[in-house]
Amino acid sequence: MDTKAELRRRMRAWRDGLASETRAAAAAAVRRHLEGLEAYRRARIILFYWATGSEVPTADAVRSALREGKAVCLPRVEGEGLVPRLVRDPDLDLVPGYRGLLEPAPDRAPSVDPAALDAVVVPGLAFDRRGARLGYGAGFYDRFLAGLPPRAWRVALAYAGQVLDLVPTQPWDALVHVIVTEEGPLFCGRAPASPA
């Protein structure tokens, strides 16, 4: 089995190598499947990530959720952790932050208590059917997910080729409840009850 570092390199190269038409069609299907999830439809407060590079794009889903009246948060790296911040207009509220990634500006986007989140949409390089996630190596999401209330859904967005038979894990690696790909949702183990 690849080490985590080797697997990260391999999966990033695979994802970067997807043809733009393939990526666009798959991304549209991922969004449809995400928005069709009961847990998503019933969620009132959702933490998204703002996609970069070859990640499954999230901008359209974020804007759609805002139009539906959901409270939408995006993460900001603060110290060693992620802080969910409420975003009302991504075009105005996001500024370059950690490693040049777009993050909510603290003077425009108030922080939100993670205990209030109904769902967290997470990025990653690879996943497996147990819900194991291979992130980018900084550990921000693992630390953040470990502190979430049990009722909060952990939803991964990925292209089907990112779902592997087995992803190497450590005891502190946080699992996701569902992986949403262009082929549909893949439920992993025991999921929390949907938000009321």
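Predicted model only: the values in this text are computed from it and were never measured.

Trainee: Would you explain the sheet that holds strand β10 (residues 163–164) in this entry?
Mentor: If you trace the three strands from one edge of the open sheet to the other, you get β8-β7-β10, paired in mixed fashion. Pairing within the sheet leaves two strands with one partner each, and these edge strands are β8 (133–134) and β10. Relative to β10, strand β7 (residues 126–128) is paired through two bridges, and the arrangement is parallel. Opposite Asp 128, over in β10, you have Leu 164 as the bridge partner.

Trainee: For this particular structure, what's the right way to read the packing of aromatic side chains?
Mentor: Aromatic ring pairs are described here by two measures, namely the spacing of the ring centres and the angle between the planes. Under the defined criterion, the tally for this structure stands at two aromatic pairs. Ring centres 6.3 Å apart and planes at 80 degrees place the aromatic pair Trp 153 and Phe 187 in the edge-to-face group. You can see Trp 153 sitting in strand β9 (residues 153–157) and its partner Phe 187 sitting in strand β12 (residues 184–187), a full 34 residues away along the chain. Residue class for Trp 153 comes out buried when judged on its relative accessible area of 6%.

Trainee: Looking at this model, I keep getting lost on the pattern of salt bridges. Mind explaining?
Mentor: Side-chain pairs of opposite charge can arise whenever the charged atoms involved come near each other. Tallied over the entire structure, the rule returns ten salt bridges. Across the salt bridge formed by Arg 42 and Glu 38, the nearest N and O atoms sit 3.0 Å from each other. With Arg 42 and Glu 38 both in helix α3 (residues 38–42) and four residues apart, this pair spans about one turn of that helix. Classification of Arg 42 by relative accessible area gives partly exposed; the value is 36%. The exposure class of Glu 38 is partly exposed, given its relative accessible area of 40%. With its nearest N and O atoms 2.6 Å apart, the salt bridge here joins Arg 130 to Asp 128. Residue classification places Asp 128 among the buried residues on the basis of a relative accessible area of 0%. In the salt-bridge network here, residues are joined through shared partners; they are Arg 76, Glu 78, Arg 85 and Glu 103.

Trainee: Would you mind going over the pairing of strand β3 (residues 81–87) with me for this structure?
Mentor: Two faces belong to every sheet, and in a regular strand the side chains alternate between them. Of all seven residues in β3, six are buried; the element is thus mostly enclosed. Relative to β3, strand β2 (residues 71–78) is paired through seven bridges, and the arrangement is antiparallel. By the bridge assignment, Leu 74 is partnered in β3 with Arg 85.

Trainee: Could you clarify how one ought to interpret the layout of surface pockets in this entry?
Mentor: A probe matching the size of a water molecule, rolled over the atoms, marks out where space remains unfilled. The volume enclosed by the largest pocket comes to roughly 750 Å³. In this structure, the largest pocket is lined by 34 residues; those nearest its centre are Leu 101, Pro 123, Tyr 136, Phe 140 and Tyr 141. Looking at the lining of the largest pocket, the element that brings in the most residues is helix α1 (residues 4–16), giving five residues. The class makeup of the residues in the lining of the largest pocket is 15 nonpolar, six polar and 13 charged.

Trainee: Is there a simple way to think about the pairing of β2 in this case?
Mentor: By the criterion of burial, β2 is predominantly enclosed, with six of the eight residues buried. Taken together, the three bridges between strand β1 (residues 45–47) and β2 define a ladder with parallel strand orientation. Across the sheet, the residue bridging to Ile 45 is Ala 71, located in β2. As for the winding sense of the linkage, the β-α-β connection from β1 through helix α4 (residues 59–67) to β2 is right-handed. If you look at the hairpin formed by β2 and β3, you'll find two residues sitting between the two strands, and Gly 79 has a positive phi there, around 65 degrees.

Trainee: Before we go on, may I ask you to explain α1 in this structure?
Mentor: One turn of the α-helix equals 3.6 residues, which is why residues spaced by three or four share an orientation. The end-to-end C-alpha distance of α1 is 18 Å, a good match for the 18 Å that 13 residues give at a rise of 1.5 Å each. Those residues of α1 lying buried are Lys 4, Leu 7, Arg 8, Met 11 and Arg 15. Within α1, the buried residues cover an arc of 105 degrees as seen down the axis, which keeps them to one side. Of the surrounding elements, those touching the buried residues of α1 are α2 (20–36), β7, β8 and β10.

Definitions and cut-offs
Along every chain, residues carry numbers that run from 1 in the direction the sequence is written. It should be noted that, the model being predicted, local features are given only for residues of pLDDT at least 70 and side-chain atom pairs only at 80 or more, the latter also being counted only at that level, while totals for whole chains, interfaces and linings use all residues. Excluded from the side-chain calculations are hydrogens and water; all other atoms, namely the structure's heavy atoms, are used. At least two bridges found by DSSP between two strands is the condition for calling them paired. For helices the rule is a DSSP run of H or I covering at least 4 residues; for strands it is a run of E covering at least 2, with both sets numbered from the N terminus onward. Paired rings are identified among Phe, Tyr and Trp, the last through its six-membered ring, by centres lying within 6.5 Å, and are further divided according to the angle between planes into stacked (under 30 degrees), edge-to-face (over 60) and tilted (the rest). Burial classes: relative accessible area under 20% of the type maximum marks a residue as buried, over 50% as exposed, and values in between as partly exposed (1.4 Å probe, protein chains only). Whenever a carboxyl oxygen of Asp or Glu lies within 4 Å of a side-chain nitrogen of Lys or Arg, that contact is scored as a salt bridge. Both cavities and pockets are sets of points on a 1 Å grid over the protein atoms alone; in a cavity a 1.4 Å probe fits but cannot get out, in a pocket the set is open with protein on both sides within 12 Å along at least five of seven lines, and lining residues sit with an atom within 4 Å of a point. Grid points are joined across faces, edges and corners, and a volume is the space filled by probe spheres set on the points. Charged residues are taken to be Asp, Glu, Lys and Arg, nonpolar residues to be Ala, Val, Leu, Ile, Met, Phe, Trp, Tyr, Cys and Pro, and polar residues to be all remaining types, Gly included. When the strands point away from the viewer, a crossover counts as right-handed if the path from the first strand over the helix to the second runs clockwise. To estimate how far a helix should reach, multiply one less than its number of residues by 1.5 Å. Each C-beta atom gives one direction from the helix axis, and the arc is the one those directions make. Note on contacts: a residue pair is in contact if any heavy atoms of the two residues lie within 4.5 Å.

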